[in-house]
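# Observations on the model geometry
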Amino acid sequence: MTVTDLVSYEDALDTYDPVMGLEVHVELGTKTKMFCGCSTTLGAEPNSQTCPTCLGMPGSLPVVNAIGVESAIKIGLALNCTIAEWCRFARKNYFYPDMPKNFQTSQYDEPIAFDGYLDVQLEDGEVFRVHIERAHMEEDTGKSTHVGGATGRIQGARHSLLDYNRAGIPLIEIVTKPIEGAGERAPEVAKAYVAELRELIKALDVSEARMEQGQMRCDVNLSLRPKGTEKFGTRSETKNVNSLRSVERAARFEIQRHAAVLSSGGTIIQETRHFHEEDGSTTSGRIKEEAEDYRYFPEPDLVPVAPSREWVEELRAVLPELPRVRRNRLREEWGISEHDMQSILNAGAVDLITATVEAGADSAAARKWWMGELARRANEDGVELAALPITPEQVARVTALVADGSLNDKLARQTIEGVLAGEGDPDTVVEKRGLKVVSDEGALGTAVDEAIAANAAIADKIRGGKVAAAGALVGAVMKATRGQADAARVRELILERLGAKE
Amino acid sequence: MADLIKLTAAEIAAKIAAGELTAVEVTEAHLARIEAVDEKVNAFLHIDREGALAQARAVDEKKARGEKLGPLAGVPLALKDIFTTEGIPTTVGSKILEGWIPPYDATLTKKLKAADVVILGKTNMDEFAMGSSTENSAYGPTGNPWDLTKIPGGSGGGSSAALASFQAPLAIGTDTGGSIRQPAAVTGTVGVKPTYGGVSRYGMVAFSSSLDQGGPCARTVLDAALLHEVIAGHDPLDSTSIDAPVPPVVEAARNGSVEGMRVGVVKQFRGEGYQAGVIQRFDESVALMKELGAEIVELDCPSFDLALSAYYLIAPSECSSNLARFDAMRYGLRVGDDGTKSAEEVTALTREAGFGPEVKRRIMLGTYALSSGYYDAYYGSAQKVRTLITRDFEKAFEQVDVIVSPTTPTTAFPIGERADDPMAMYLADLCTIPTNLAGNAAMSLPCGLAPEDGLPVGLQIIAPAMADDRLYKVGAAVEAAFTAKWGHPLLEEAPAL
Amino acid sequence: MPGITREEVAHLARLARLELQGEELDHFAGQLDDIIGAVARVSEVADQDVPPTSHPLPLTNVMRPDEVRPSLTPEQALSGAPAQEQQRFKVPQILGEE
Ligand SMILES: [Mg+2]
Ligand SMILES: [Zn+2]
């Protein structure tokens, strides 16, 4: 089905209610894999971070990574889940070459965390509660490269090459309960949920959760049911949707596709689908001849995990403030609109601004620099804001220099430019480039006097009470001092000399 | 040096320590014996002549430097081909791993090397330890040194035959349903299944993870104890390894006694299917223990009747998953990769060609038992039986210190007799399986020859978990009494090869 | 409960990735039927209120610290590979999901 065969979104929603389920896999940022001591560092040579255990060699055995369990508990707590008093790992049996043991060590009917929720805030501020079914621990698979076919895809490939460096990296799978009642906002809810979850994971410091690097991957399950009915329709499972925008697009596309199929009297088959970035469509995966039978059973090579209540409470006590709560608090503290906060969030500037304020800057000034000059530079250089070679402390110092009159805006920009160019911290740059505002009253007085003399007509207007005309004289003085004067002080001196008052 | 191969491990170690023998001499004598008889016995799949001599030389050099030697330094050992050995082939008796050279040592292998034990080679076994006769080896059956037309037990028939034919004084086995004890019983040797978790499973190719346990095989109770102490202990690489001191097995073996002990005899371990001569020797053993001062207690353990059934659901289930990794992708055999077939097809063709019938049978059985719709009735019920068996043992051990039984219902049967009759084959493990399901410890030691066929009969001693030392205390007393009665160790009655 | 058909055996063989040959299917069907028939006795305890034991050990919470241990070298990792290319395991074409 192509995009043009779809039922319009509005028509689809007139007839059907969407029901969604989101399954998110998060790769934890532990130093080692879930069941062996191999490093998880990205970008290593192929098969250089493997051992008998993560290669599934005969005789090898798994041992659980304590930080993997701790991270799972933290995520569970942050998602308001119950933490199991006793749970086990289970084997999920199916053959696939990227999975060395041909079973995935996962959890089945005894997840470590279950029955929670996450409140997500849509762009207009409305809060939607997404219920969490479970969060469980498991392991990642190896990576295959398909050789011989077009563009490295699996179809038409002659053979494949396997690198098991990723095999065994800890994953937490977070599964929602069916999301109902979102109506036309379903795709928006899906995106907001994944965004919120990503912020949460980052705040917990258990993963960098970079979707573009596959550290966080989302499956979107979607079905439609005729409005007013209870029974869920047959769902499709769109796998590995790997950006926030794609999550929204995939949900939207599937709503339109399902509606088209159902409205024309067709039936939806339960299948996995692939999402395509290029046009936002999904296509059918391979339909299996027979239903999967994973033959789950308790992993006999591992013993149960029974987190003590003391441990759980210790972890609960040090949970960071939830991102949504923090965002709302900061928004109020900073006195800005929902929309401005969203821009700051989208720019990835929340933590940077917060740190700058913590380093002593005024919040308005911190926002101004990060969202203005620095955002522009990051955009030009094609890097994330946080990747710019300037620290919140350095930005705070610049704002301090502006506040005490040592720098004006123009000089401050030049100072930042120097810091970004690697010339040193703000004070060094000011020193080396000689950027200090001219504060020598004598020199400034002479410049003011010269400007008054050279612009007699304007000076007269000011004497006559047209204070607004002072700007032109200020400009003249600034020009004469090559920008290195404090404009406010210049204005004061001009008014003083001409006997005018604001 | 003909007598050298008849020495016990304890004697060899003492003579090397005293400078009366060199480790190289001892090793050469055993290698010569292997050369002389193993063509007939087929106990070894791989002989590591160079490695063994190098290890022996290292022991002699250590001795020359005046360093203290461990209690088994320089003693040769036959290692079951189920433990990984870095640089030395490990096949698990299967074609699917033919030629595989592991890049790592099992924890048990490491411990043996660290104790200066000389590993002579790797012994034959039923493929993936599935069997009771060693006929399921992809590399041909092993003969029983008492009668080469008879089975040496299984799965560890190579290890038991190596001991009984004096090719090695020590051997290693693994016991999932009786694979150490049953071969010991039918070859007139000693074998111990330690408490589950007592010996690391890291590097031991898995058959059924919750049942498998490596253990010592020897010709005397003391030798078994010395080896037990070397291989046991906590291993952080095995999550199911017990983090507690190894029970004092050597001390127990040196102080054998049953005086004042309560010895249980379980009603369920006799009856139909038990050979008359086996029951006769068993009854004599019980009488002997009574004479030695033990109190005999009759026990009823009704759930034991379900043990064999539970075992043949649990072990195949776990094995169907454990053996999934043999898929022709990363190591081992690959069949049918002609450039047109998919990975899926190559995996299926390889497994078809690489696994023998018993392995396939159990994989199929386990796949069935775990599949949706059957799980609760089969796997789930089997796990309940496991609970009941554990409870029966707990109740029994409130009344007794150890339990005794025949190790196996019959003596060694002819090679080929039960080869395509799985149910008949499975009966060989009737008495040994309950212990695997409950995870406690057991030993088999010789208690005479069956009058009707002149073949060895095994006496099984069962102790509670982590009370492995009791096996040795009782075993040493029984062994001493029998040796005194017979005038010599039982193995001296075995025919010359 | 038993009565395992040839089709069921074929299905199990697919799940277990065994390319069983024609007569093997029949042979296994008979044998599996016998074995299942014999071991099905365990279901006698199905309605008993007994907790299942999946493992003989009473241990819980066996974990290791998150500390890197040496890996194999890529040469060691690949030493048993039936085929390799570019320091990766070379396998026949993979069908199915991407
Ligand atoms: Mg998963
Ligand atoms: Zn590893």
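In the annotation of an unreviewed UniProt entry, chain B is listed under the name Glutamyl-tRNA(Gln) amidotransferase subunit A and assigned to Streptomyces inhibens. Within the UniProt record for chain B, the comment given under Sequence similarities (unreviewed entry) is "Belongs to the amidase family. GatA subfamily." Here is the UniProt Function (unreviewed entry) comment for chain B, exactly as written: "Allows the formation of correctly charged Gln-tRNA(Gln) through the transamidation of misacylated Glu-tRNA(Gln) in organisms which lack glutaminyl-tRNA synthetase. The reaction takes place in the presence of glutamine and ATP through an activated gamma-phospho-Glu-tRNA(Gln)."

Chain A carries the name Aspartyl/glutamyl-tRNA(Asn/Gln) amidotransferase subunit B in an unreviewed UniProt entry, which gives Streptomyces inhibens as its organism. In the Subunit (unreviewed entry) part of its UniProt record, chain A is described as follows: "Heterotrimer of A, B and C subunits."

All right, on to the overall build of chain A then. Regarding its fold elements, chain A presents 16 helices and 15 strands. A globule of 502 residues ought to have a C-alpha radius of gyration of about 23 Å, yet chain A, at 30 Å, is considerably larger. Expressed along its principal axes, the backbone C-alpha trace of chain A runs to roughly 95 × 55 × 55 Å. The contacts in chain A between residues at least 6 apart in sequence include a share of 68% that link residues at least 24 apart.

Residue and element names in this part refer to chain A. Within the first shell, the zinc ion (ligand 2) binds the protein through C36 (SG), C38 (SG), C51 (SG) and C54 (SG), at distances of 2.3 to 2.4 Å. Along the chain, the residues donating to the zinc ion (ligand 2) are arranged with the sequence spacing C-x1-C-x12-C-x2-C. Here C36 is found in the loop between strand 1 (16-27) and strand 2 (64-65), whereas its partner C54 is found in the loop between strand 1 and strand 2, with 18 residues between them in sequence. C36 sits in the buried class, given a relative accessible area of 6%. With relative accessibility at 6%, the residue C54 sits in the buried group.

Turning our attention to the nonpolar core. Residue and element names in this part refer to chain B. Core analysis: the biggest nonpolar cluster contains 201 residues, and L112, F128 and Y472 have the highest contact counts within it. With 9 residues, helix 10 (residues 307-322) is the largest single contributor of residues to this core. Residues in contact with Y472, not counting those within four places in the same chain, are V192, P216, V221, A224, A225, H228, V249, A252, A253 and M443.

Before going further, it helps to examine the domain arrangement of chain B. Residue and element names in this part refer to chain B. In terms of domain boundaries, chain B breaks down into domain 1 (4-301 + 404-493) and domain 2 (304-386). If you average the C-alpha positions of domain 1 and of domain 2, the two centres end up 27 Å apart. With 34 residues of domain 1 at the contact, the number on the domain 2 side is 28 residues. Summed over both sides, the interface of domain 1 with domain 2 buries roughly 2800 Å², with 66% coming from carbon and sulfur.

What counts and what doesn't
- Residues numbered from 1 in each chain as written.
- Chains lettered and ligands numbered in written order.
- Predicted model: local features only at pLDDT ≥ 70, side-chain atom pairs only at ≥ 80, totals over all residues.
- Heavy atoms only, no water.
- UniProt positions renumbered as here; feature names shortened; annotations may be inferred.
- Helix = DSSP H or I, 4+ residues; strand = E, 2+ residues; numbered from the N terminus.
- Rg over C-alpha atoms; globule rule 2.2 N^0.38 Å.
- Contact = heavy atoms within 4.5 Å.
- Donors = N, O, S within 2.8 Å, 3.2 Å for Na, K, Ca; no water.
- Buried < 20%, exposed > 50% of the residue type's maximum accessible area, 1.4 Å probe, protein only.
- Core = buried A, V, L, I, M, F, W, Y, C linked by side-chain atoms within 4.5 Å.
- Domains from an automatic or database assignment.
- Buried area = accessible area lost by both parts, 1.4 Å probe.

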